[in-house]
Amino acid sequence: MLAAVDHVQLAAPPGSEDLLRAYYTDALGMTEMPKPPVLAARGGCWFRAGTVQLHLGIETGFRPARKAHPGLRVTGIDACAERIAATGAPVIWDDDLPGHRRFYSEDPVGNRLEFLEPLPGPD
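These lines cover the structure that appears in this document, whether it is placed above or below. (Residues numbered from 1 in each chain as written. Predicted model: local features only at pLDDT ≥ 70, side-chain atom pairs only at ≥ 80, totals over all residues. Heavy atoms only, no water.)

Things to note about the overall build of the protein
Check the secondary structure of the protein and you find three helices and eight strands. Written out in order from the N terminus, the α and β elements of the protein read β-α-β-α-β-β-β-α-β-β-β. A globule of 123 residues ought to have a C-alpha radius of gyration of about 14 Å, and the protein, at 15 Å, matches this closely. Taken over the C-alpha atoms alone, the protein extends approximately 50 × 40 × 25 Å along its principal axes. Taken across its 123 residues, the protein has 38% of its residues classed as buried. If you sum the accessible surface of the protein, you get close to 7600 Å²; carbon and sulfur atoms cover 56% of it. For the protein, the distance from the average position of its 12 positive side-chain charges to the average position of its 16 negative side-chain charges is 6 Å. (Helix = DSSP H or I, 4+ residues; strand = E, 2+ residues; numbered from the N terminus. Rg over C-alpha atoms; globule rule 2.2 N^0.38 Å. Buried < 20%, exposed > 50% of the residue type's maximum accessible area, 1.4 Å probe, protein only. Areas by Shrake-Rupley, 256 points an atom, 1.4 Å probe, with all protein chains shown as cover. Lys, Arg positive; Asp, Glu negative; His and termini not counted. Charge placed at Lys NZ, Arg CZ, Asp CG, Glu CD.)

Structure representation (structure tokens):
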């Protein structure tokens with residue numbers, strides 16, 4: 001039986017690790033996690049914020065996903081959007097999901113990311 005999502009893996013082009021580190025740590029406030037040595041030899045980097053883990057793996061012939069994306073639940077969505085926009089990354093608001101505020105952005109290599117925060121419900 002499924003119990004939880006352990007992590008989400010995104011792809012990235014060779015040599016992009018420094019760009020990814022800057023974005024995922026500075027813009028998203030995540031912490032880089034050490035990769036096991038056998039996996040570190042393949043390149044890429046892993047990040048964590050609380051129980052959320054995003055793994056960026058190196059892929060020759062990389063093309064960013066334009067539709068597929070992780071949906072990241074946040075608190076303080078306006079501050080999150082401001083922090084991401086301050087890095088020069090796009091922030092595209094979308095009001096089509098009832099009961100939520102959300103926006104889309106892209107990491108420095110073009111991976112699509114969704115950020116959403118539930119609206120307060122009736123007590």
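A look at the packing of aromatic side chains
The tally for this structure, following the rule as stated, stands at four aromatic pairs. A centroid spacing of 5.0 Å and a plane angle of 85° characterise the contact between Tyr23 and Tyr24, whose relative ring orientation is edge-to-face. The pair Tyr23 / Tyr24 is uniform in exposure class, with both members buried. Geometrically, the ring pair formed by Phe103 and Phe115 is stacked, given 4.9 Å between the ring centres and 20° between the ring planes. Residue Phe103 is located in strand E7 (residues 100–106), and its partner Phe115 is located in strand E8 (residues 112–118); the two are separated by 12 residues in the primary sequence. Just as Phe103 is buried, Phe115 falls in that class too. One Lys or Arg, Arg112, reaches over the ring of Tyr104 and ends 4.0 Å from the middle of that ring. (Phe/Tyr/Trp six-rings, centres within 6.5 Å; stacked < 30°, edge-to-face > 60°. Lys NZ or Arg CZ within 6 Å of the ring centre and 35° of its normal.)

Side note on the sheet that holds strand E5 (residues 71–73)
One open sheet accounts for four strands, arranged E5-E8-E7-E6; its pairing is mixed. Taken across any chain shown, the strands that pair with only one partner, and hence form the sheet edges, are E5 and strand E6 (92–94). The sheet shows a mean angle of 30° between the axes of neighbouring strands, taken without regard to direction. Across the sheet, helix H3 (residues 77–85) lies against E6, E7 and E8, angled at about 15° from E7, the strand it touches most. (Pairing = 2+ DSSP bridges. Axes fitted to C-alpha atoms, helices over the stretch in contact; angles between N-to-C directions. Contact = heavy atoms within 4.5 Å.)

Some words on the nonpolar core
Counting residues in each nonpolar core, the largest one holds 25 residues, and the members touching the most others are Tyr23, Tyr24, Leu28, Ile84 and Phe115. The set of elements that each furnish at least two residues to this core consists of strand E1 (8–12), helix H1 (17–27), strand E3 (45–49), strand E4 (52–58), H3 and E8. With residues up to four places along the chain from it excluded, the contact list for Tyr23 reads Leu28, Ile84, Thr87, Ala89, Ser105, Glu106, Asp107, Pro108, Leu113 and Phe115. (Core = buried A, V, L, I, M, F, W, Y, C linked by side-chain atoms within 4.5 Å.)

Description of the pattern of salt bridges
Under the defined criterion, the tally for this structure stands at six salt bridges. The partner of Arg66 in a salt bridge is Glu106, and the shortest N-O contact between them spans 3.5 Å. With Arg66 in the loop between E4 and E5 and Glu106 in strand E7, this residue pair connects regions lying 40 residues apart in the sequence. You can call Glu106 partly exposed: its relative accessible area is 32%. Among the salt bridges present, the one from Asp94 reaches Arg102, with a minimum N-O distance of 3.4 Å. As far as burial versus exposure is concerned, Asp94 and Arg102 are alike and both buried. Among the charged side chains, a salt-bridge network with shared partners connects Asp18, Arg21 and Glu32. (Salt bridge = Lys/Arg side-chain N within 4 Å of Asp/Glu carboxyl O.)

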